[in-house]
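# Structure assessment
As a plain string of letters, each chain reads:
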Amino acid sequence: MENESKKSGTPLLDELEKGKWPSFVREIKKMAEKNPRAKDLLGQLELSYVDKVTHWKHGGLVGVRGYGGGVIGRYSDSPDKFPNVAHFHTMRINQPSGWFYTSKALREVCDIWEQHGSGLTNMHGSTGDMVLLGTSTENLEPIFNKLTNKGWDLGGSGSVLRTPSCCVGPARCEFACYDTLALTYDLTQEYQDVLHRPQFPYKWKFKMSGCPNDCVASVARADMSIIGIWKDDIQVDQAAVREYAKNGVDVQEEICDLCPAKCMSWDGKDLKIMNKWCNKCMHCINAMPKALRPGKERGAAILIGAKAPILQGAQMSSVLIPFMKMEPPYKELKDLVDKIWDFWGEYGKNRERIGELIQRVGMGQFLEAIEIEPKPQMVANPRTNPFIFYEEYFEEEGEEK
Amino acid sequence: MENESKKSGTPLLDELEKGKWPSFVREIKKMAEKNPRAKDLLGQLELSYVDKVTHWKHGGLVGVRGYGGGVIGRYSDSPDKFPNVAHFHTMRINQPSGWFYTSKALREVCDIWEQHGSGLTNMHGSTGDMVLLGTSTENLEPIFNKLTNKGWDLGGSGSVLRTPSCCVGPARCEFACYDTLALTYDLTQEYQDVLHRPQFPYKWKFKMSGCPNDCVASVARADMSIIGIWKDDIQVDQAAVREYAKNGVDVQEEICDLCPAKCMSWDGKDLKIMNKWCNKCMHCINAMPKALRPGKERGAAILIGAKAPILQGAQMSSVLIPFMKMEPPYKELKDLVDKIWDFWGEYGKNRERIGELIQRVGMGQFLEAIEIEPKPQMVANPRTNPFIFYEEYFEEEGEEK
Amino acid sequence: MESVQAEKRKTDIGPPKYEQFLHPVIKKNYGTWKYHEIVKPGVLVHVSETGDKIYTVRMGSPRLINIDTIRMLCDLADKYCDGYLRFTSRHNVEFLLKDQSKIDPLIKEIEANGYPVGGTGKSITNIVHTQGWVHCHTPATDASGIVKAVMDELYDQFTNMKLPAKLRISLACCLNMCGAVHCSDIAILGVHRRPPKILPNLAKLCEVPTTVAACPTGAIAPAVVDGVQTVEVNEEKCMFCGNCYTMCPAMPLANALNDGVSIWVGGKVSNARHAPMFSKLAIPYIPNNPPRWPEVVSAVKNIVEVYAKDAKKYERLGEWIERIGWPRFFDMTGIEFTKYHIDDYRFAATTFNTSTHFTL
Amino acid sequence: MESVQAEKRKTDIGPPKYEQFLHPVIKKNYGTWKYHEIVKPGVLVHVSETGDKIYTVRMGSPRLINIDTIRMLCDLADKYCDGYLRFTSRHNVEFLLKDQSKIDPLIKEIEANGYPVGGTGKSITNIVHTQGWVHCHTPATDASGIVKAVMDELYDQFTNMKLPAKLRISLACCLNMCGAVHCSDIAILGVHRRPPKILPNLAKLCEVPTTVAACPTGAIAPAVVDGVQTVEVNEEKCMFCGNCYTMCPAMPLANALNDGVSIWVGGKVSNARHAPMFSKLAIPYIPNNPPRWPEVVSAVKNIVEVYAKDAKKYERLGEWIERIGWPRFFDMTGIEFTKYHIDDYRFAATTFNTSTHFTL
Ligand code: SRM
Ligand code: SRM
Ligand code: SRM
Ligand code: SRM
Ligand code: SF4
Ligand code: SF4
Ligand code: SF4
Ligand code: SF4
Ligand code: SF4
Ligand code: SF4
Ligand code: SF4
Ligand code: SF4
């Protein structure tokens, strides 16, 4: 059987070794030289390239003991041809905040994966996990035990809290308005139980970005997007602005004219900002990081409800809390999260994301249920249709109803 | 019975005789001095002001022989108190294009209405008709006969073509890109049958504006909005621009900066327009009518589907034909209208406006049915969701299905 | 008898052809107008390629006018305009003069009769409105009464041109929105706030299935009460649109205590600068307070004043709000933002703020 | 036995705390960074209030990497970075150096190993993508293969910074959109185009009611065929979303002849200048043509080139299109506009052009 894939060769995939961009085929091939799972993956993938369809069968529930997530079960539809990928389950390993590693820690993971898996990984999955790509059922438990002994744990899959992730934040970015790494770590620890054991109607994703540049694309991909912002005035170093101008930045055209709030003016000497109009887009700060910085009163905006298109069309998160201080122990945030999860748990249908539930019951109802005041920051514009579910009314005296 | 309303007085309505704006109460009161219908209307209206509800009963089908529209039946819910408005039907008289009149023609209508009705009118209804406000059933036929003898006809009501209307256009406006009055007259005459006899799923409104200023609000109120535009370059008289500048117009700030296409520049001498980017918003022309004029190659954009909010929320019309020459005998336009009406007649549900039908079946399907090419001008943006009803596909050879 | 009558009876003749109603100067210069100027509030001059000029004097009208008033207009037209006049798409009257010297005497006579001249340029022109208690069966408020009260207050905005841009107010007395208020700078909209009553004789007056189908939210279900066919309304699902009453007279919504008015802002129709926009909810509910609806009047006035003070030249109300943002609109006007402002109908998701673009 | 194991077995420990993985310079200057500069493509310097500096060298990665490659990265980290490294949110590798002089040697070694340095500033960085035929059960196309072919072609855009602004490409291999491509400058999305097949053993594998309920368009109905419980699909109503297959393995959609790729443009995530935007349909369908999908590659390249030539500085692809308008986008790229481009889903009406703002 092993011969099967050896004989076949991979003429189509070989084409993808050409070209300058590093080749995933080469990555698999190199592993295939010593790892039979990688070899059969290569063979099956070549077959997909010939047939133009996947050769993985539908799903399959597997996992480690006591956990309901973290492993994606996967079975080949051609186990006869490719016995070493008959099972080929993925393990999602919860990455450290900000994807920071030491070589030592990474090597430990590699060693475990060399012994028990395909030797192939995704660094990282698009949720943020370190993805160990392909092993068989009986290896799951040993891998898990070895990983936990080195300090690693599984990430999420299924109807759980998915592995939270964050931008590099204060670790290496001057724009961070709160500590994204600390918050991510804190929430991940706090909610270990719901991360590992399905207790939700569907998946829930947290993503933390330190500023409105949103370098983890939280607004597009997280049920709750926590995006750093500031409240007070942008900090301006006028001398540094002039320096940029001297070095060729056309402050009027490249900065003022592109400000979406049109709240800046430049007289060739001073850059004036009408901060009460600024809508925190970051553009001016991005363009002149030496001269401008976010204000000093910092925190985060909390947006809710992003998800992929199935079933209602994709959604971005929308503003729920325009500004919240973001400091340990994050009590205000956690109270909010708990309230939302309670509501979701009670009213959410099976496989209904929070963003869909909010649409179904109405944002107004949702806010009332979680006891949040409606604010104009929540909307791009107030409603245009007159179909208002008025709840207050005057009682008619002595009128029969 | 007549005494009833006389005695009661109208203390509430009297309050609306105060103030500087001309008073509709005074209009009714003056008529009430000699017209018993007007008198009882006043009485019943006062009662509504006391009770804070209408005192008109629900609907009622009345009309003139052979017509299915043009009269709105109306009955008092308190005929005992107000016998002269027991019936109080409205007649909609099709106004002339652009609401132009001679005193002679108006007086003839007044005389007929004095004899047979309340003596009260709306000049005009919000669809555009001359509205004769209130008469009884037995007067309908005599009024109709007298009006037609003077050259007038009824307008629309119910599931018919509603009375088309248009802006003042070339009669008194330099911006008109086609002859709105002529087209309105032509379509009204062409479609007399469907205007008077319900043959549609619901109402259909045409409104013609001579340019994108849209002075009949067609984009908000017409199932088909015909809005004049031009194709070539805006005509510029540079000397006249300079004249405006000299007289205090800040051409940069008030014109160039407000151009939504940002396609204008002003060097203090010449106003340059990158016409290929101009999106025909009219702003620059509006602001400096002595200096700028629409181009010479003129016609109209045809937009479709506006309506009031019941049931799906209000809609504005959207682009169907970005540019069509608009010249008698308007064959291209009429062919289009006929095709759309055929489609609507076949697929429209009862009380479904064309805009709702298009949403239900999809714009793409609709275009295909009426044989119109899709154009990017039709959309604010292409779809964002991936739920595409692909119709073309490759046949599988020898595969059973 | 039928055939005799049929001979005499004219049908389907359509309206009189407009050409016969055009002032000779207009007829001559039809389609050749070159430019216009606003001579002063309410007075326009249009100049033709031929050099000819036509002057227009615009008179404010309550729209509901009697035949004697029309005859008065005719007298003025005869005296000053060779017998020609027109009405506008917002129900004002326009007198067309070839002779400039007649403008002021005409205005004097119009004003003496109690009517204003204005509505041109950067002003508030006539309020497009509907029937209300004067003639309709479904209103949640009166139309003409509110219009009169509001225009009394905004009178000066009609007769001068001191606003940043045109400001168009419309009123509709129920959600059918005959005034097409959905694209107005300021819209006044009558609203019901209680579900329909169900009259005992329903099944006699209405088809039950049609009535059930009429409800956009599926709030109506067939029912049998005391052995009689009828319907029942799930009050939780009702948003008071009134479509059931339109279809079935046995389901009236009018409710003296709870009907009232909502205020909407920021719509526009023209393509000038910004594409057309829908009006958006500003104030969900103000009780009916006839005869002069003082709360409605002051709400409208407040919005106009805040706008007039803060907007830039040419900026329509909606353009102004777009620039300053909704948080500041609510802030500056002092209007309360409530959960009713947040859309929960079909397109709700498209109105949420999916950015950090806001002011605090 | 159970209890013995339970003692040894650790659970719910969560990930290692990030602090232990931070380079000492980063740890010391955590939260005190003052500004950054892009030294050259792929190289950043961040300067702290303390005066300390940390250099970053960003290396392009195919994301699917083997453990030997990871060990190679570790070796480089040991040699140049005191053993510290990180990955980015777009799956690139970042080496963190305190010593400026080590930058060039590091880059040399990275490149010698066959990996590029770049992806910073106004460039095209790594393509976020998904599993495709490598590991998933529902793909309509492969992921890594297309990414490789496209990045080969756009390689120079990764290694230099000559675009008007950042340009982010993403790929997802089915409508589940794990790559969250819906807000990308350019998105490549695998699409099915034939309704699901119904395998004979359906009722054994799936609950019929759940399967029926899974379809967003109501295309699935319960059925009995040859006396056996199953479902049937109304092909007219199917838009190939694949949700039925997610719920029921007996309804596969994969179809070698008809699966393929669609291209979407103009999305963005950041709030810089313009609020976040969804990507919009540019090309409805390109057949799967492995191993190198040349039609997809040239379609993407064409869009990038037209954009690069015409957009202004700082203008993201979507901002550029918003300025020039969709008619000119289709014109300039030569892409055909079809009825598929016109939305016909839930919010369709909100995407129609309700103005005369367009170019001809
Ligand atoms: C591995 C990964 C793609 C990758 O190559 O990076 C992935 C892979 C799968 N996703 Fe995903 N998703 C992955 C990130 C995402 C993201 C992006 C994100 O999290 O930032 C999204 C879009 C955001 C969102 O959550 O909406 C995403 C939206 C989906 C959906 C649609 C969910 C929805 O509500 O619409 C499904 C379908 C489902 O849940 O049934 C799905 C389902 C799947 C399944 C489990 C297939 C299925 O139908 O059950 C895929 C397993 C593939 C495999 O065999 O390994 N995946 N999935 C990503 C997780 C790696 C990690 O843990 O780091
Ligand atoms: C008289 C007038 C209001 C006015 O005071 O000016 C009017 C009055 C009525 N309209 Fe209207 N509509 C009038 C212009 C409009 C407009 C504006 C327009 O045509 O430009 C609209 C919004 C545009 C549109 O068509 O969508 C309008 C949208 C409606 C609707 C909602 C239709 C829809 O599709 O949503 C209804 C309800 C219906 O048709 O059942 C309606 C129904 C009615 C009825 C017939 C009441 C009913 O439920 O049957 C009203 C009769 C009042 C009465 O007793 O006289 N009226 N109606 C207007 C016609 C006068 C004329 O012929 O010139
Ligand atoms: C007479 C009338 C047309 C008719 O056939 O009756 C008319 C006549 C003119 N309009 Fe209008 N418009 C008339 C209703 C409208 C409407 C419809 C409406 O309000 O329901 C609109 C759309 C309003 C909206 O956007 O909501 C309208 C939007 C304009 C605009 C665009 C203004 C803007 O900045 O948005 C202009 C351009 C301008 O004024 O500079 C314009 C310009 C003009 C000009 C200057 C055109 C010309 O060159 O003659 C006319 C004199 C305007 C003035 O009053 O200052 N007209 N105009 C209507 C007068 C209504 C009234 O009694 O007050
Ligand atoms: C390393 C990384 C964060 C991380 O935790 O991994 C990161 C790091 C930085 N980002 Fe980012 N961004 C990173 C992903 C993103 C993403 C997410 C994505 O693409 O999926 C976005 C949103 C993209 C979008 O809008 O679609 C993003 C939008 C920005 C922007 C806004 C650019 C714009 O004009 O729209 C800036 C500001 C700028 O570059 O001027 C920014 C600025 C920066 C700065 C300059 C912040 C700083 O002061 O250190 C960092 C270097 C940027 C550079 O590469 O030139 N970063 N940045 C991510 C690198 C990804 C990569 O490997 O290429
Ligand atoms: S989101 Fe802001 S704080 Fe975080 S890495 Fe990007 S620019 Fe820095
Ligand atoms: S952050 Fe954006 S909105 Fe605020 S001043 Fe700078 S450019 Fe303007
Ligand atoms: S729509 Fe245009 S052509 Fe018609 S009256 Fe208004 S400005 Fe003139
Ligand atoms: S008509 Fe409007 S878009 Fe065109 S040049 Fe003038 S201001 Fe610009
Ligand atoms: S808006 Fe409603 S109440 Fe007013 S006239 Fe129209 S249908 Fe009647
Ligand atoms: S008022 Fe509207 S929502 Fe309420 S029951 Fe009637 S039709 Fe339904
Ligand atoms: S996008 Fe679809 S096919 Fe690709 S990994 Fe995600 S679920 Fe699988
Ligand atoms: S692919 Fe989607 S639309 Fe088609 S039957 Fe399945 S669930 Fe329904």
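Now for a quick tour of the structure. As the structure is a computational prediction, the values presented were derived from the model and not from experiment.

Let us now look at the site of ligand 6. Taken together, 13 residues sit near ligand 6, with Cys-259, Cys-278, Cys-281, Met-282 and Cys-284 of chain A positioned nearest. A breakdown of the residues in the shell around ligand 6 according to their chemical character gives 10 nonpolar, 2 polar and 1 charged.

Further remarks concern the environment of Arg-172 of chain B. Relative to the assigned elements, Arg-172 of chain B resides in the loop between strand S6 (165–166) and helix H7 (180–190). Apart from residues no more than four positions distant in its own chain, Arg-172 of chain B is found in contact with Ile-26, Trp-33, Leu-44, His-46, Ile-54, Thr-56, Arg-86, Glu-94 and Leu-96 of chain C. Polar contacts involving the side chain of Arg-172 of chain B include one to the side chain of Thr-56 of chain C, which spans 3.0 Å.

Turning to the interface of chain A and chain D, a few remarks are in order. Buried accessible area, meaning the area lost when the parts come together, often serves as the stated size of an interface. Counting residues at the interface gives 118 residues for chain A and 114 residues for chain D. When the two sides are added together, the surface that chain A and chain D hide from each other amounts to roughly 10300 Å², 59% of it contributed by carbon and sulfur. In terms of surface lost to chain D, no three residues of chain A exceed Trp-21, His-58 and Arg-172 of chain A, which account for 10% of the buried area on that side. The interface formed by chain A and chain D holds 11 salt bridges in total. Here Arg-107 of chain A makes a salt bridge to Asp-78 of chain D, at a shortest N to O gap of 2.9 Å. Counting the contacts that link chain A with chain D gives 68 residue pairs in polar contact (both at pLDDT 80 or more). Counting residues per element, the side of chain A that touches chain D draws most heavily on helix H5 (residues 103–116) of chain A, which supplies 8 residues.

Right, let's get into the coordination of the iron atom of ligand 1. With respect to protein ligation, the iron atom of ligand 1 binds only Cys-178 of chain D (SG), at 2.2 Å. Within the fold, Cys-178 of chain D resides in the loop between strand S7 (169–172) and strand S8 (186–191).

We now examine the pattern of salt bridges. Close approach of charged atoms allows side chains of opposite charge to pair. Taken as a whole and judged by the stated rule, the model has 92 salt bridges over all chains. Ionic pairing is found between Asp-12 of chain C and Arg-197 of chain B, a salt bridge with its closest N-O pair at 2.6 Å. Here Asp-12 of chain C, found in the loop between helix H1 (2–8) and helix H2 (24–29), pairs with Arg-197 of chain B, found in the loop between helix H8 (192–196) and strand S7 (206–209), and the two come from separate chains. With a relative accessible area of 22%, Asp-12 of chain C lands in the partly exposed category. Residues Glu-243 of chain B and Lys-246 of chain B are paired through a salt bridge, measuring 3.8 Å at the closest nitrogen-oxygen approach. Linking Glu-243 of chain B with Lys-246 of chain B, this pair stays in helix H10 (residues 238–246), spanning 3 residues, or about one helical turn. The exposure class assigned to Glu-243 of chain B is partly exposed, which follows from its relative accessible area of 39%. One salt-bridge network, in which partners are shared between bridges, spans Lys-34, Asp-111 and Glu-114 of chain A together with Asp-68 and Arg-71 of chain D.

This paragraph deals with the packing of helix H5 (residues 103–116) of chain B against helix H3 (residues 67–80) of chain C. Following both chains from N to C, one finds H5 of chain B and H3 of chain C inclined at 160°, their axes separated by 9 Å at the closest point. It follows that H5 of chain B is roughly antiparallel to H3 of chain C by the angle criterion. The handedness of the crossing between H5 of chain B and H3 of chain C comes out as left-handed. Residues Ser-103, Leu-106, Arg-107, Cys-110, Asp-111, Trp-113 and Glu-114 of chain B of H5 of chain B touch H3 of chain C, and the partners they reach there are Ile-67, Ile-70, Arg-71, Cys-74, Asp-75 and Asp-78 of chain C. Class assignment for the residues of the contact of H5 of chain B with H3 of chain C results in 6 nonpolar, 1 polar and 6 charged.

Right, let's talk about the sheet that holds strand S2 (residues 43–48) of chain C for a bit. Spatial strand order, S3(B)-S5(C)-S6(C)-S3(C)-S2(C)-S1(C): 6 strands in an open sheet with antiparallel pairing. The open sheet terminates on both sides in strands that have one partner only, identified here as strand S3 (100–102) of chain B together with strand S1 (33–40) of chain C. The mean inter-strand angle of the sheet, taken between neighbouring strand axes irrespective of direction, is 25°. Sheet strands touched by H3 of chain C: strand S3 (53–59), strand S5 (84–87) and strand S6 (93–97) of chain C. Its angle to S6 of chain C, the strand with the most contacts, is close to 15°. The sheet contacts of helix H4 (residues 103–112) of chain C involve S1, S2, S3 and S6 of chain C, and relative to S3 of chain C the element is tilted by about 15°.

Our focus in this paragraph is the site of ligand 7. Taken together, Cys-167, Val-168, Cys-173, Phe-175, Ala-176, Gly-210, Cys-211, Asn-213, Asp-214 and Cys-215 of chain B are the residues near ligand 7. Taken together, the residues of the shell around ligand 7 break down into 7 nonpolar, 2 polar and 1 charged.

All right, on to the interface of chain B and chain C then. Taken together, the 118 residues of chain B in the interface contact 113 residues of chain C. Contact between chain B and chain C buries roughly 10300 Å² in total, counting both sides, with carbon and sulfur atoms accounting for 59%. It is Trp-21, His-58 and Arg-172 of chain B in chain B that bury the most area against chain C; as a group they hold 10% of the surface buried on that side. Between the two partners, chain B and chain C, sit 11 salt bridges. The residue Glu-141 of chain B makes a salt bridge to Arg-9 of chain C at a minimum N-O spacing of 2.5 Å. Here chain B and chain C share 69 residue pairs in polar contact (both at pLDDT 80 or more) between them. Counting residues per element, the side of chain B that touches chain C draws most heavily on H5 of chain B, which supplies 8 residues. As paired strands, strand S4 (residues 120–123) of chain B and strand S4 (residues 64–66) of chain C are joined by 3 bridges and run antiparallel to one another. Counterpart to Asn-122 of chain B in the pairing with S4 of chain C is Leu-64 of chain C.

The subject of this paragraph is the sheet that holds strand S8 (residues 186–191) of chain C. All names here are of chain C. Strand order across the open sheet formed by 4 strands is S7-S8-S11-S12, with mixed pairing between neighbours. The open sheet has two free edges, formed respectively by strand S7 (169–172) and strand S12 (280–287), since each of these has just one partner strand. Here the strands of the sheet are splayed against their neighbours by 20° on average, with no regard to which way each runs. Here strand S11 (residues 260–265) runs beside S12; their pairing, made up of 5 bridges, is antiparallel. Across the sheet, residue Ile-263 finds its bridge partner in S12, namely Ile-283. Against the sheet, helix H12 (residues 326–333) engages S11 and S12, with an angle of about 30° to S12.

A complete count under the given rule lists 64 aromatic pairs over all chains for this structure. Judged by centre distance (5.9 Å) and plane angle (40°), the ring pair of Trp-133 of chain D and Trp-293 of chain D falls under tilted. With Trp-133 of chain D in the loop between helix H4 (103–112) and helix H5 (144–159) and Trp-293 of chain D in the loop between strand S12 (280–287) and helix H9 (294–310), this residue pair connects regions lying 160 residues apart in the sequence. Note on accessibility: Trp-133 of chain D and Trp-293 of chain D belong to one class, buried. Three or more aromatic residues joined by ring pairs form one cluster here, namely Tyr-191, Phe-200, Trp-204, Phe-206, Trp-341 and Trp-344 of chain A. Here the basic side chain of Arg-328 of chain C rests over the ring of Trp-277 of chain A, its NZ or CZ set 4.7 Å away from the ring centre. One Lys or Arg, Arg-193 of chain D, reaches over the ring of Tyr-285 of chain D and ends 3.4 Å from the middle of that ring.

Rules of the game
Residues numbered from 1 in each chain as written. Chains lettered and ligands numbered in written order. Predicted model: local features only at pLDDT ≥ 70, side-chain atom pairs only at ≥ 80, totals over all residues. Heavy atoms only, no water. Near = heavy atom within 4 Å. Nonpolar A, V, L, I, M, F, W, Y, C, P; charged D, E, K, R; others polar. Helix = DSSP H or I, 4+ residues; strand = E, 2+ residues; numbered from the N terminus. Contact = heavy atoms within 4.5 Å. Polar contact = N/O pair within 3.5 Å; in protein donor to acceptor, adjacent residues only side chain to side chain. Buried area = accessible area lost by both parts, 1.4 Å probe. Salt bridge = Lys/Arg side-chain N within 4 Å of Asp/Glu carboxyl O. Donors = N, O, S within 2.8 Å, 3.2 Å for Na, K, Ca; no water. Buried < 20%, exposed > 50% of the residue type's maximum accessible area, 1.4 Å probe, protein only. Axes fitted to C-alpha atoms, helices over the stretch in contact; angles between N-to-C directions. Parallel < 35°, antiparallel > 145°, perpendicular 65-115°, else oblique. Left-handed = near helix turned anticlockwise from the far one by under 90°. Pairing = 2+ DSSP bridges. Phe/Tyr/Trp six-rings, centres within 6.5 Å; stacked < 30°, edge-to-face > 60°. Lys NZ or Arg CZ within 6 Å of the ring centre and 35° of its normal.

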